[in-house]
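# Understanding the architecture of this molecule
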Amino acid sequence: MSPARAKTSYSEIIRTAQHLLETQGLENLSMQTLANALGVRAPSLYKHVENKSQLVRAVLEHLLAELGETLANAVQGNNLSADLRAMAIAYRAFAHQHSTLYPLLYSNLSSEMQPDVGVSAVAVAPLLKTVEQWVSKEKSLSAARIVVAFTHGFVDMELIGAFRLGGNVEEAFELGIESLIQVLKELS
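Now for a description of the structure that goes with this document. (Residues numbered from 1 in each chain as written. Predicted model: local features only at pLDDT ≥ 70, side-chain atom pairs only at ≥ 80, totals over all residues. Heavy atoms only, no water.)

Counted by the stated rule, this structure contains six aromatic pairs. One aromatic cluster in this structure is built from Phe150, Phe154, Phe163 and Phe173. Its end group placed over the ring of phenylalanine 173, arginine 92 keeps NZ or CZ at 4.4 Å from the ring centre. (Phe/Tyr/Trp six-rings, centres within 6.5 Å; stacked < 30°, edge-to-face > 60°. Lys NZ or Arg CZ within 6 Å of the ring centre and 35° of its normal.)

Spelled out as structure tokens, the structure:
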């Protein structure tokens, strides 16, 4: 066995834990597995994270921050319909890119593993900002929830292979986006 490395960084721990979650799943993640992957002793991890729950929470918060960046980068700012369409497409691509880890964002995890609400709020801020340009601030959270519910539901069904009746899934997604745009226009 090779000697343990002297140090590891918090960002390296989170990045490696994310990789392990994506490749081996939540049930196979342990502090020892992570330590082995990093080439350090497990006790050295406790300088950075208290336990597996805090580790999972940190990974999910990192994932949400990445999602927020993805949504923000999709916005061009010159056309509300195009921006909403671009965010929905970017969200879907993000979920497919992180198909193993993404479902954890919406799963019934223990409260210790669930991301902080503030991190979630930052992640959806680009969507809220776009929706607020269509509807009143009072209706914006509800309208954004409709968009997320459609997009997440569609992606979730894709990821579990639920679209088995044939037909064009891309066409269905586009129809859903167009329907959302019409609903938002009617709310304005």
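Next, the rest of the story.
Two elements in contact, helix α7 (residues 137-159) and helix α8 (residues 169-187), have axes separated by 11 Å at closest approach and are oriented at 175°. Taken together, the axis directions place α7 and α8 in an arrangement best described as roughly antiparallel. Listed contacts from α8 to Lys139, Ala143, Ile146, Val147, Phe150, Thr151, Phe154 and Glu158 of α7 are Val169, Ala172, Phe173, Gly176, Ile177, Leu180, Leu184 and Leu187. Residues of the contact of α7 with α8, tallied by class, amount to 12 nonpolar, two polar and two charged. (Axes fitted to C-alpha atoms, helices over the stretch in contact; angles between N-to-C directions. Helix = DSSP H or I, 4+ residues; strand = E, 2+ residues; numbered from the N terminus. Parallel < 35°, antiparallel > 145°, perpendicular 65-115°, else oblique. Contact = heavy atoms within 4.5 Å. Nonpolar A, V, L, I, M, F, W, Y, C, P; charged D, E, K, R; others polar.)

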